[in-house]
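# Descriptive structure summary
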Amino acid sequence: MVHVYNCHPFASQHIVPTEQEPGLVCSGGGALFVVSAGGCKIEAYQMKEDQCPLICRFSTMGTVRSIRHSLTGDYLVTIEEKNNATYLRAYTNWRYQAVEKTRVGVRLLGHFLRGSSFRGAPKEQMEIIEIPLFEPPLCVACCPLTGDLLVGCSKSLVVFNLKKQTLSEQLDVLDFERVLILHLTDYSPSQVAFCGGYVALQTELEILVVKLQQMETRSLVADESSQLPADILAAADLVEDDMKKEPLSPHEPGDFFMFPKHLELLGDEAKDCGISVSLEWTGMDTEARNHMGVTYVLFRRFAPDFFQGCSVEETCLHSLQLHPMFTGNRDEGGDQRGREPSCMFCFFSLPNAGYMYSLKNTVELISTYQYPEKAHQAVFCDQFLYVITRNALQCFSVRCSAVAARVEDPYIDTTMKACPPFTMEVCGLRIQLFIGLKSLCHDGNHVVLLTAADVESKEESDRVARRAVESKEHKALTGIFLAVGIEPSSNPALESFLSRSFLSRKTSISSKPKDPNESGHGWNLYVINTVSTLQLYREMVEYSKRYEHSTPLSQNCIHLLSEAHLLLRAALLNPSSQDSEDRAQLQEAFQESCAQLGDCFSRLSKRDCHLALPYYKMSGLSVTEVIQRNMAMGSSSEVDYGSGFLFFLKHSLYEETMEELSEETANTVLDIFSKAEPGQLPHVVSSSFMMKASPACVLAHLEQLEAYGAPSVTVTLCKAAQALHLGDTQLYQQQMDRHAEMLQVYGFIEEPKLLLHGRGKAVVPTHLARHLHDTQDGLLVAAVVALHENSKVKLEEADLFFQELCKDTVENPSSPQLLVDFWEALLVASSQEVIIHELLFRLTSVYIDRITRRDRSGIHALKTADDLINSCSHYGLLFPWSLLCGPTLDVSSILPLLEQLPDSDNAGLSIHVLCATKLRRHESSIERLLDRCPQAIMPYANHELQNEKLALWWQKLFPELCMRTRLSSGENSVLLAALKETLVVLAMELNPLEFLDLLPDDGTAHFFLPHLLECTQRKILT
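Residues numbered from 1 in each chain as written. Predicted model: local features only at pLDDT ≥ 70, side-chain atom pairs only at ≥ 80, totals over all residues. Heavy atoms only, no water.

## Looking at the state of the cysteines
Threshold: When two cysteine sulfur atoms lie within 2.5 Å, the pair is treated as a disulfide.
Scanning all chains against the criterion turns up zero disulfides. Left without a disulfide partner, Cys 26 is nearest to the cysteine sulfur of Cys 441, which lies 6.9 Å away.

Encoded structure:
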């Protein structure tokens, strides 16, 4: 379905002052090129000036059958015919023909590289370049990005690269190099298009789009058929066809004509279309030859439709076009050469319908245009599709900007930004009547129309005149008979009499033929100027208000505003709109358009109501302004708040992206939610942007909510928070005593904004959180732990929260005790490995820092060391170094911290020894303890020398004790006690022979003998 409106996209029109009847027309670079009906002269006119003055005129070397202009290089390319031969020629430097008697140079492609015609002084002259081909050219296209040429022949396509050759410091010459031939199998294009490596081919009922690009080696090997010579492929097809031939009927082949079925193949599926394309590289770049490949993009086949008002002969494709669109950096202005377009579109048309496809990323059909009558030609551009029928110029909307917006901005179709979908139905903006439209072309803000009225033959004119006179005679005679009371229809003879023509001879005699000079010529060439984007946008907005007044929630209103929005998007994406003032006006109109769409979607009940949020965000309006707009839309007695408006308000409050509301506006928000969604009131009143709302008004709404519903912990906490704002401590305590602390934790989980506002680095504790810090710090820590475990707050945000709470205390500002309490509680509760390791590092640094400072004055922890040891496995059993002894901490992560800790005292020594032990440095730890603190060696050995480290008792500890006892002459009681305890362990773990081998040669027998005896007895018993 196509929506039809009556807007005015056309501003004015001028008649081009051509002296001879135009045959062909084309435009580009602000110029209009007119080929005379004879086909041997080209006139160029300036379209950007009033009355379209003549730039220049020049003769061609043959009769022009086709003409194209390339903006890159500013040259013309023609297909000409002379003496029954067809030629391809390029006309460069044609603007020099504005000067009278300017010379014209004619040369072959690449000829100046070998000749000397350009040596000497530079010559300003138009050049005609003969481009030789193996086959006669059928059609031609220019790439708008590079200026390269694509020539369609009966069995192949030929690509020519545009090159600028510098012949001297003062003279550059354009030339072409044939670089590639695409051989086609049984496919002869009637029209081609070429843009950014995409090649589109059109026959009567088929469209094929392929892309030329640098391919990987394996891709080329996988698709070897694309590189085979055309003759081999053709021969293979013939053999295959012969094998498949079977007599299907006794009729001759000429008795039937089989129409192909409709077929659409997108993306990789297009390679199954049955059309073979093989490449033959002819350029000088051998590296490109080895990597150039072809990728199939799109194939579409149509079958004649007998029910669309067109005959089989009329069912033929036309107006093939590839259209690029750029997004992103606009600093480069209109120069797009060398840039990769963000989007590529392909358009083609049947007499009754047009089709627009997007080719980049995902190949898909974007829009289908159903024409009200048979279309002769169509032209596609960024903002519009122009179509001509026999007597009308039609202007349709397009979806280029909707596709490009989603390519440019990944936030489109999120809660941040929105854009009308490209699947939205297209609309017809205008149908402008003209007589005898024959040709159409477009350039910038100009549409060019060629009209030629059909001149009736003399016989047809006489026939029409006779019919008019005979009808007059018949009426006059019938009136006479009726006046005298005779009914002619009742008498067959009289009826036959009246049917004769009496004045036919008179008519034929009296009709004189007009002098041809009196009637004037039957053709005109118009240049139509389109209106500015802003003017058309404002007209469409005014047009939409008609629907708004009649049916406020009409889809036509939303559709028309969406069309206006896409119109502005297309203008903002256009690199030619670089004027800062124009862009500022477009941007202002764009924000206004977003606000209007936000108003429309805010009033919807269900479908698409969520779009109010992103459109309002893009409008630049404050939340207060949005509220005022929506309040003004309702009646004075009762305002019906739409779902979209409520959705916007809720997200603005929850995302904390709005400004702080005034008391009046905040109270208005309370009234809105109290009427529309009272269940959202606890979340609304907890928002930081509602701080100026009247506490008494808030309590009244909460009391009303609680009266109509079941008691809620969250509502109770909200009432307690408002009581604090009022300074009513008795009411506060009354509300807090209604529920146990565990239930209150669940209430904070349901609404975290009761405790903290903001996100990221802007976390701020609420008034309630500060009060809990002074009165119920355990509840506060438990609540924040629960918020973290339920993904309501991040660890960094919790750190900032507690640091802000404790910033006025005398504690270490980076790690106040309440924050350490939170870390310890979270370590007990968390099951996330990343969080656990982070907490272990933080707590270790705090513990080491406190050991270093030896100052624990004023520190009152919520949990003791015994509580922590008994609550989780991360703490070991060795007090007070339980965290280092635990199984979770990775000691290598805290080595930088250990460098700051001296081992001059027992605490520092213990930490260093424990960390070395966890790094499996047991032997050095034994030596360190024996040197510095031998009384700790046995507790250490009993705790650490177990399992696979048990052998260290006799391999390391026993020899060290023996040596050190001998050096002390046996007078060190600590070492003697440790040696005796070690011998007890050895007697239990070793057999008598192993025990005997360990004994020193100079040892005292009576010292070791009891232990040897015990070892022997234990062996006998076992």
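## Let's talk about the pairing of strand β4 (residues 31-36)
Counted only if it meets this: Working definition: with a 1.4 Å probe on protein chains only, accessible area under 20% of the residue-type maximum means buried, over 50% means exposed, and in between means partly exposed. Each helix is a run of DSSP H or I of at least 4 residues and each strand a run of E of at least 2, with the numbering of both proceeding from the N terminus. Pairing between strands is defined by DSSP: at least two bridges between them are needed.
Counting buried residues in β4 gives six out of six residues, a clear majority hidden from the surface. Neither face of β4 is open: one carries Ala 31, Phe 33 and Val 35, the other Leu 32, Val 34 and Ser 36, and all of them are buried. Across six bridges, strand β3 (residues 22-28) lies against β4 in antiparallel orientation. Among the inter-strand pairings, Leu 24 is bridged to a residue of β4, identified as Val 35.

## Considering the pattern of salt bridges
To keep things clear, this is the line we draw: A side-chain nitrogen of Lys or Arg and a carboxyl oxygen of Asp or Glu constitute a salt bridge if their distance falls within 4 Å.
For the structure shown, the criterion picks out 30 salt bridges. Measuring nitrogen to oxygen at the nearest pair gives 3.4 Å for the salt bridge that ties Glu 1014 to Arg 1018. On the criterion of helical spacing, the pair formed by Glu 1014 and Arg 1018 is a turn pair, its members being four residues apart in helix α35 (residues 1005-1021). Overall, Glu 1014 belongs to the partly exposed group, its relative accessible area being 31%. Judged by relative accessible area, Arg 1018 falls into the partly exposed class, the value being 33%. A single network of salt bridges, built from pairs that share partners, joins Glu 927, Asp 931, Lys 956, Glu 960 and Arg 964.

## A look at the sheet that holds strand β18 (residues 206-214)
Which entries qualify depends on this criterion: To obtain an axis, a line is fitted to C-alpha atoms, over the contacting stretch when the element is a helix, and the angle between two such axes runs from 0 to 180 degrees between their N-to-C directions.
Across the sheet, five strands lie side by side as β16-β17-β18-β21-β19; this open sheet has antiparallel pairing. Both edges of this open sheet fall to β16 (191-195) and β19 (263-266), since each of them pairs with a single strand only. With strand direction ignored, the average angle separating the axes of adjacent strands in the sheet is 20°.

## Some details on the side chain of Glu 177
Note the cut-off: The contact criterion used is simple: two residues touch if any of their non-hydrogen atoms lie within 4.5 Å.
By the secondary structure assignment, Glu 177 is in strand β15 (residues 171-184). Exposure remark for Glu 177: the relative accessible area of 16% places this residue in the buried category. Setting aside its immediate chain neighbours within four residues, Glu 177 contacts Val 159, Phe 160, Asn 161, Lys 163, Gly 283 and Met 284.

## Notes on the nonpolar core
The line we're drawing: We define the nonpolar core as a collection of buried residues of types Ala, Val, Leu, Ile, Met, Phe, Trp, Tyr and Cys that are connected through side-chain atoms lying within 4.5 Å of one another.
Counting residues in hydrophobic clusters, the biggest one holds 138 residues, and the most contacted among them are Leu 393, Leu 449, Leu 780, Phe 802 and Phe 822. Element by element, the count of residues in this core is highest for helix α10 (residues 555-573), at nine residues. Those residues in contact with Leu 449 that sit more than four places away from it in its chain are Ile 388, Leu 393, Phe 434, Leu 437, Ser 439, Leu 440, Asn 524, Leu 525, Tyr 526 and Ile 528. Formed by 53 residues, the second largest nonpolar core is a distinct cluster that contains Leu 182, Ala 270, Met 292 and Leu 320.

## With respect to the environment of Ser 278
Tracing the sequence through the fold places Ser 278 in strand β20 (residues 277-281). Classification of Ser 278 as buried rests on a relative accessible area of 2%. C-alpha of Ser 278 to C-alpha of His 183: the two residues are 95 residues apart in sequence and 5.2 Å apart in space.

## Examining the confidence of the model for the chain
Cut-off, in case you're wondering: Every residue gets a pLDDT, meaning the predictor's confidence in that residue, from 0 to 100.
Put simply, the chain has an average pLDDT of 82, and 81% of its residues get 70 or more. Within the model, the stretch residues 217-253 combines pLDDT values under 50 with 27 contacts to residues more than four positions away or in other chains. This stretch, residues 501-520, has a pLDDT under 50; its non-local contacts, to residues over four places away or in other chains, come to twelve contacts.

## Quick look at helix α13 (residues 623-633)
Just so we agree on the cut-off: Directions drawn from the helix axis to the C-beta atoms are what define this arc.
Those residues of α13 not exposed but buried are Val 623, Thr 624, Val 626, Ile 627 and Asn 630. Taken down its axis, α13 places every buried residue within 160° of arc, on the same side. Seen from the open side of α13, the exposed residues pointing more than 90 degrees away from its buried face are Gln 628 and Ala 632. Where α13 is buried, its residues touch α11 (580-602), α12 (612-619), α14 (643-655) and α15 (663-676).

## Thoughts on the packing of aromatic side chains
What counts here: Stacked, tilted and edge-to-face are the three classes applied to pairs of Phe, Tyr and Trp rings, where Trp contributes its six-membered ring and a pair requires centres within 6.5 Å; stacked means planes under 30 degrees apart, edge-to-face means over 60, and tilted covers the rest. Counting as a charge over the ring demands two things of the Lys NZ or Arg CZ atom: a distance within 6 Å of the ring centre and an angle within 35 degrees of the ring normal.
According to the stated counting rule, one finds 21 aromatic pairs in the structure shown. Aromatic side chains Tyr 371 and Phe 396 sit 6.1 Å apart centroid to centroid with 50° between the ring planes, which places their arrangement in the tilted category. With Tyr 371 in the loop between β25 (364-370) and β26 (377-380) and Phe 396 in strand β28 (residues 392-397), the pair connects residues that are 25 residues apart, well separated along the chain. One exposure class covers both Tyr 371 and Phe 396, and it is buried. Three or more aromatic residues link up through ring pairs in this structure, and these residues are Phe 347, Tyr 369, Tyr 371, Phe 380 and Phe 396. Here the guanidinium or amino end of Arg 89 rests over the ring plane of Tyr 87, the centre of that ring lying 4.6 Å away. Over the face of the ring belonging to Tyr 543 we find Arg 546, whose NZ or CZ atom lies 4.4 Å from the ring centre.

## Side note on the packing of helix α17 (residues 695-708) against helix α18 (residues 713-726)
Put simply, the rule reads: Working definition: roughly parallel below 35 degrees, roughly antiparallel above 145 degrees, roughly perpendicular at 65 to 115 degrees, and oblique for all remaining angles. Here a crossing is called left-handed whenever its near helix is offset anticlockwise from the far helix by less than a right angle, and right-handed whenever the offset is clockwise. Residues are sorted three ways: Asp, Glu, Lys and Arg are charged, Ala, Val, Leu, Ile, Met, Phe, Trp, Tyr, Cys and Pro are nonpolar, and all the rest, Gly among them, are polar.
It is at 10 Å that the axes of α17 and α18 come closest, and there the two elements cross at 160°. As the angle between them shows, α17 and α18 are arranged roughly antiparallel. Viewed along their axes, α17 and α18 form a crossing whose handedness is left-handed. For the pair formed by α17 and α18, the contact residues are Pro 695, Ala 696, Val 698, Leu 699, Leu 702, Glu 703, Leu 705 and Glu 706 on the first element and Val 715, Thr 716, Cys 718, Lys 719, Gln 722, His 725 and Leu 726 on the second. Taken together, the residues of the contact of α17 with α18 sort by class into nine nonpolar, three polar and three charged.

## Things to note about the side chain of Ser 319
As a reminder, the rule being used: In protein, a polar contact means a hydrogen-donor-capable atom and an acceptor-capable atom, both N or O and within 3.5 Å, with residues adjacent in sequence counting only if both atoms are side-chain atoms; elsewhere, any N or O pair within 3.5 Å suffices.
Here Ser 319 shows up in strand β22 (residues 318-325). Of the residues examined, Ser 319 reaches a relative accessible area of 9% and is grouped as buried. Polar side-chain contacts of Ser 319 include one of 2.7 Å to the side chain of His 318.

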